[in-house]
Amino acid sequence: MSAVVTVSGLRKSFQNEDVIKGLEFDLTKGKCIALLGANGAGKTTTLQMLSGLLRPSAGSIAFDGVQKGEDFRKLIGYLPQHPVFYEWMSGREFLEYTGMLAGLSKKESKERAEELLEMVGISNAKNRRIGKYSGGMKQRLGIAQAIIHRPKLVMLDEPVSALDPFGRREVLELMERMKKETTILFSTHILNDAEEVCDDILFLHKGEIVESGSMKELRDKYQQSKIDLVFRGESDQYIEKLSSLVEIQSISVHENKISFFVHNIDDAKHAFLREITDRNWPLLKFEISKTSLEDVFMKVVEK
Ligand SMILES: Nc1ncnc2c1ncn2[C@@H]1O[C@H](COP(=O)(O)OP(=O)(O)OP(=O)(O)O)[C@@H](O)[C@H]1O
């Protein structure tokens, strides 16, 4: 599959401090990719370099079909983390204005503005002043602005983080619709949001990509089945016996909770329950679950 942009050896330092430390990745055409990372991981800095607002300290960013030195801005759309609007303009006026700034004719801008107001679901408020819009509506207007010139890649910096649950839902649903038309790179520190709409993840931590791949690959790689057990009293003898019954990947003990990570959850469940009931062990808790990507994310971030 072809890449809309290929990034190689990308670095950025501020006052001799390395903030982005040699990123290597490409973004596959037609995908929605989450740039996931905690606060300060370097997401905004990365997006600003990709959008041409910030000059990299080193490395290259190559857009598909664009020669070195050629203007690539027509190919990209960008919604900053804290977009600023002319609050006195109406949504329609704002979109027509940004359309013309992006190089569309007056007629094209009008038509595209109408189309986008419909698409992002604010056409009934198109003549209202932006100052009267809710957070979710402003964010959707910001997204419309970012795609007015039909870019090949649209970058959204934390588009849902500051929204209430309603606004968040509106924007995530809009992204779902946009996926059919363009490649999306969106930054977030909330894994759930990434999981909901994205195909692929770039996991940024302290300026480095510590994990990447499709959602499915990462789930397959990290999701493990586990059985949590709590017994009354000392648990060493139970751990020893239970771990001899089936193939165990790992065991962790936290206070009085024993977690067995296993390959085959059905075998383990039956074997454990049989053993515990046959021997009448003082079981207080038996719980089956899966580790989530969230657990993995937390582990990496805590390092
Ligand atoms: N202009 C600047 N001058 C100095 N340091 C900067 C500058 N811009 C960003 N940084 C630093 O670079 C690091 C990464 O910042 P960045 O804003 O890219 O992170 P982020 O992942 O987008 O986080 P957040 O979600 O909090 O915005 C931070 O430590 C930040 O303090």
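Reading guide: rules and limits
Residues numbered from 1 in each chain as written. Predicted model: local features only at pLDDT ≥ 70, side-chain atom pairs only at ≥ 80, totals over all residues. Helix = DSSP H or I, 4+ residues; strand = E, 2+ residues; numbered from the N terminus. Rg over C-alpha atoms; globule rule 2.2 N^0.38 Å. Contact = placed C-beta atoms within 7 Å. Near = placed C-beta within 6 Å. Nonpolar A, V, L, I, M, F, W, Y, C, P; charged D, E, K, R; others polar. Domains from an automatic or database assignment. Pairing = 2+ DSSP bridges. Expected span 1.5 Å × (residues − 1). Buried ≥ 20, exposed ≤ 12 C-beta atoms within 10 Å, placed from the backbone. Arc of directions from axis to C-beta.

Participant: Before we move on, can you summarise the overall build of the chain with the specific residues and values?
Facilitator: Broken down by element type, the chain carries ten helices and 13 strands. Relative to its length of 303 residues, the chain is extended, with a C-alpha radius of gyration of 25 Å against a globular reference of 19 Å. For the chain, the spread of C-alpha atoms along the three principal axes comes to 80 × 45 × 35 Å. Residue pairs in contact within the chain that sit at least 24 positions apart in sequence constitute 68% of those at least 6 positions apart.

Participant: Can you explain the site of the ligand? Please cite residues and give values.
Facilitator: Lining the immediate surroundings of the ligand are Phe14, Val19, Gly37, Asn39, Gly40, Ala41, Gly42, Lys43, Thr44, Thr45 and His189. A total of three residues in the shell around the ligand trace back to one element, the largest contributor, which is helix H1 (residues 43–50). Looking at side-chain class alone, the shell around the ligand contains three nonpolar, seven polar and one charged residues.

Participant: How would you sum up the environment of Phe94? Please name residues and give values.
Facilitator: Tracing the backbone shows Phe94 in helix H2 (residues 91–101). Along the chain, Phe94 and Arg129 lie 35 residues apart, while their C-alpha atoms are 9.7 Å from each other. Beyond its immediate chain neighbours, meaning those up to four positions away, Phe94 contacts Phe85, Tyr86, Met89, Ile130 and Leu141.

Participant: Describe the domain arrangement of the chain, and please don't skip the residues or the numbers.
Facilitator: Domain boundaries assigned for the chain yield domain 1 (3–214) and domain 2 (223–302). One C-alpha centre belongs to domain 1, the other to domain 2; they are set 43 Å apart. The partner domain 2 presents five residues to the six residues of domain 1 that form the contact. Put simply, the parts of the chain that give the side of domain 1 that touches domain 2 at least two residues each are helix H6 (191–197) and strand E8 (200–205). Here the side of domain 1 that touches domain 2 is composed, by residue class, of four nonpolar, one polar and one charged.

Participant: Can you lay out the pairing of strand E2 (residues 17–28) for me, pointing to particular residues and giving the numbers?
Facilitator: Relative to E2, strand E1 (residues 3–14) runs antiparallel, the two sharing nine bridges. Of the residues in E2, the one forming a bridge with Leu10 is Leu23.

Participant: So what about helix H5 (residues 165–178)? Which residues, and what values?
Facilitator: The end-to-end C-alpha separation of H5 is 20 Å, in line with the 20 Å expected for 14 residues at 1.5 Å each. Listed in full, the buried residues belonging to H5 are Arg168, Glu170, Val171, Leu174, Met175 and Met178. Taken end-on, H5 shows its buried residues confined to a sector of 160 degrees, consistent with a single buried face. Facing away from the buried side of H5, by more than 90 degrees, are the exposed residues Pro165, Phe166 and Arg177. Summarising the contacts, the buried residues of H5 are in contact with strand E3 (32–36), helix H4 (135–146), strand E7 (183–188) and H6.

Participant: Can you tell me about the pairing of E3, naming the residues and giving the values?
Facilitator: Of all five residues that make up E3, five are buried, and the element is covered over most of its length. One ladder, built from five bridges, connects E3 with E7; its direction is parallel. The partner of Leu36 across the bridge, within E7, is Thr188. In this structure, E3 lies alongside E8, joined through four bridges in parallel fashion. Across the sheet, the residue bridging to Leu35 is Leu202, located in E8.

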